[in-house]
Number of protein chains: 2
Amino acid sequence: MPTHHQGPEHEILALDAYIKLMRATESVTSRVHETLPTDLTVTQFAVLETLFHLGPLCQGQLATKLLKSTGNLTLVVANLEKVGLIKRERQPHDLRFITISLSPRGRSFIAKLFPKIAARIADEFSVLTSSEKIELCRLAKKLGLRATVK
Amino acid sequence: MPTHHQGPEHEILALDAYIKLMRATESVTSRVHETLPTDLTVTQFAVLETLFHLGPLCQGQLATKLLKSTGNLTLVVANLEKVGLIKRERQPHDLRFITISLSPRGRSFIAKLFPKIAARIADEFSVLTSSEKIELCRLAKKLGLRATVK
DNA sequence: CACCGGTCGTTTGACATCGAACTATCGTCG
DNA sequence: CGACGATAGTTCGATGTCAAACGACCGGTG
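These numbers come from a predicted model, not from an experiment.

1. Structural notes on the protein's contact with DNA strand C
And step 1. Neighbouring DNA strand C are 23 residues, the closest being Thr 41, Thr 43, Lys 68 and Ser 69 of chain A together with Gly 60 of chain B.
And step 2. Sugar plus phosphate, as a fraction of atoms of DNA strand C within 4 Å of the protein: 78%.
And step 3. At 3.0 Å from a phosphate oxygen of DNA strand C is found a side-chain nitrogen or oxygen belonging to Asn 79 of chain A.
And step 4. Between DNA strand C and Arg 88 of chain B, the relevant distance is 3.2 Å, taken from a phosphate oxygen to a side-chain nitrogen or oxygen of the residue.
And step 5. Secondary-structure elements contributing two or more residues to the surface near DNA strand C are α2 (42-54), α4 (70-82) and β3 (94-102) of chain A together with α3 (59-66), α4 (70-82) and β3 (94-102) of chain B.
And step 6. Considering every element that reaches the surface near DNA strand C, the biggest residue donor is α4 of chain A, with 4 residues.
And step 7. Of the residues contributing to the surface near DNA strand C, the split by class is 7 nonpolar, 11 polar and 5 charged.

2. Brief notes about the sheet that holds strand β1 (residues 57-58) of chain B
Residues and elements named next belong to chain B.
And step 1. Overall, antiparallel pairing links the 3 strands, which are arranged β1-β3-β2 in an open sheet. Looking at the sheet topology across the chains shown, the edges are occupied by β1 and β2 (86-91).
And step 2. One ladder, built from 6 bridges, connects β2 with β3; its direction is antiparallel. Across the sheet, Arg 88 pairs through a bridge with Ile 100, a residue of β3.
And step 3. α4 contacts β2 and β3 of the sheet and is inclined by roughly 120 degrees relative to β2.

3. Considering the environment of Phe 109 of chain A
And step 1. Of note, Phe 109 of chain A is situated in helix α5 (residues 104-124).
And step 2. Expressed as a C-alpha distance, the spacing of Phe 109 of chain A and Leu 85 of chain A, which sit 24 residues apart in the sequence, is 8.0 Å.

4. With respect to helix α5 (residues 104-124) of chain B
And step 1. In this model, α5 of chain B (21 residues) spans 31 Å end to end at C-alpha, consistent with the 30 Å of a helix rising 1.5 Å per residue.
And step 2. Residues of α5 of chain B that are buried: Gly 106, Ile 110, Leu 113, Phe 114, Ile 117, Ala 118, Arg 120, Ile 121, Ala 122 and Glu 124 of chain B.

5. Things to note about the relation of the copies chain B and chain A
And step 1. For the pair chain B and chain A, the best superposition has an RMSD of 0.1 Å and corresponds to a rotation of 180 degrees with a translation of 0.0 Å parallel to the axis. The transformation just described matches what one would write down for a two-fold rotation axis.
And step 2. Here 100% of the contact residues of chain B are again contact residues in chain A; the copies associate through an equivalent surface.

6. Structural notes on the packing of α2 of chain A against α5 of chain A
Residue and element names in this part refer to chain A.
And step 1. Between α2 and α5, the least distance of the axes is 10 Å, while the angle of their chain directions is 105 degrees. If you check the angle between α2 and α5, you find them roughly perpendicular. Across the interface between the two elements, Phe 45, Leu 48, Glu 49, Phe 52 and His 53 of α2 pack against Arg 107, Phe 109, Ile 110, Ala 111, Leu 113, Phe 114 and Ile 117 of α5.
And step 2. Of the residues that constitute the contact of α2 with α5, the class distribution is 9 nonpolar, 1 polar and 2 charged.

7. Quick notes on the protein's contact with DNA strand D
And step 1. Neighbouring DNA strand D are 22 residues; Gly 60 of chain A together with Thr 43, Lys 68, Ser 69 and Asn 79 of chain B lie closest to it.
And step 2. Close to the protein, within 4 Å, the atoms of DNA strand D belong to sugar or phosphate groups at a rate of 79%.
And step 3. At 3.4 Å from a sugar or linking oxygen of DNA strand D is found a main-chain nitrogen or oxygen belonging to Arg 96 of chain A.
And step 4. Taking Ser 69 of chain B, its main chain carries an N or O atom lying 2.7 Å from a phosphate oxygen of DNA strand D.
And step 5. For the surface near DNA strand D, the secondary-structure elements that each account for two or more residues are α3 (59-66), α4 and β3 of chain A together with α2 (42-54), α4 and β3 of chain B.
And step 6. Its residues assigned to classes, the surface near DNA strand D shows 6 nonpolar, 11 polar and 5 charged.

Criteria and thresholds
Residues numbered from 1 in each chain as written. Chains lettered and ligands numbered in written order. Predicted model: local features only at pLDDT ≥ 70, side-chain atom pairs only at ≥ 80, totals over all residues. Heavy atoms only, no water. Near = heavy atom within 4 Å. Polar contact = N/O pair within 3.5 Å; in protein donor to acceptor, adjacent residues only side chain to side chain. Helix = DSSP H or I, 4+ residues; strand = E, 2+ residues; numbered from the N terminus. Nonpolar A, V, L, I, M, F, W, Y, C, P; charged D, E, K, R; others polar. Pairing = 2+ DSSP bridges. Contact = heavy atoms within 4.5 Å. Axes fitted to C-alpha atoms, helices over the stretch in contact; angles between N-to-C directions. Expected span 1.5 Å × (residues − 1). Buried < 20%, exposed > 50% of the residue type's maximum accessible area, 1.4 Å probe, protein only. Least-squares fit on C-alpha atoms with pLDDT ≥ 70 in both. Parallel < 35°, antiparallel > 145°, perpendicular 65-115°, else oblique.

Here it is as structure tokens:
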């Protein structure tokens, strides 16, 4: 019964939750961003971090993982390549694909940086208890899945 | 005691929560964006909506409310003025300030649009029960406040 | 009245971001 | 083998975004 009949109070509740959700995300992200080296953007970090934890990927996969457009990734990856943190290699067996991987410098760079960022995030979330974090995971997951369906 | 000793499991929990939080926010926002007229951006909508619910404001206040830079607002507001949805007026008593207000067209535009967006958001959040929405508000608020403090 | 620090908005340069048009490549089907 | 549809990446144009430098204006102080 709760989710079928959509009274106005449900709508207000949803709006309120959405606003607070966005604020929380933006606040945390902006504070995490302060911890990044000044010349590294959030998306660039996300690319490095993804490659670090998942290994080499092609641009399309990277775009999907990060919920960005392929056109966007082209630019971000180009900028990272310019400063020598990653390298691009065409797949010999299918020239359409380009595999992105960390350069040695990129690997050691992100290996050093990641723990700092993780600690920062943990600090941000330290206002929540463990069970609150778990509950937040559960709720966010439900919302995220909802969107993935379609 | 729970928040002082930061074991690695706390860190993993926080990272997990952060990722899911961002995904949820991005997913919902991107789906809400689909509902907007194609020529209206999220920030432009946010500006109109804020003016609609709070009345005329100067750019600095608007920037603060929306957590954006003033330079950013200059552009967004200029674009909205170009299409005639808002108007800018210098304050006679202090020429540094510029008051932004909805034009008649802007007012009726947002008055028609807002209910649609609100319904869409409510629909996105309908995967959560009322008590889950309330809990999400509580948790997000704690995170947001944490960030506002400093 | 003239300077001066502080406040508001604009400009600038670099990057992000999207969608849509475009290029190159692949697989397949006739 | 050759045309065609699908797929990966790039390019383009418009907008957003920030930080930092800048210009205009205010209020006070000497």
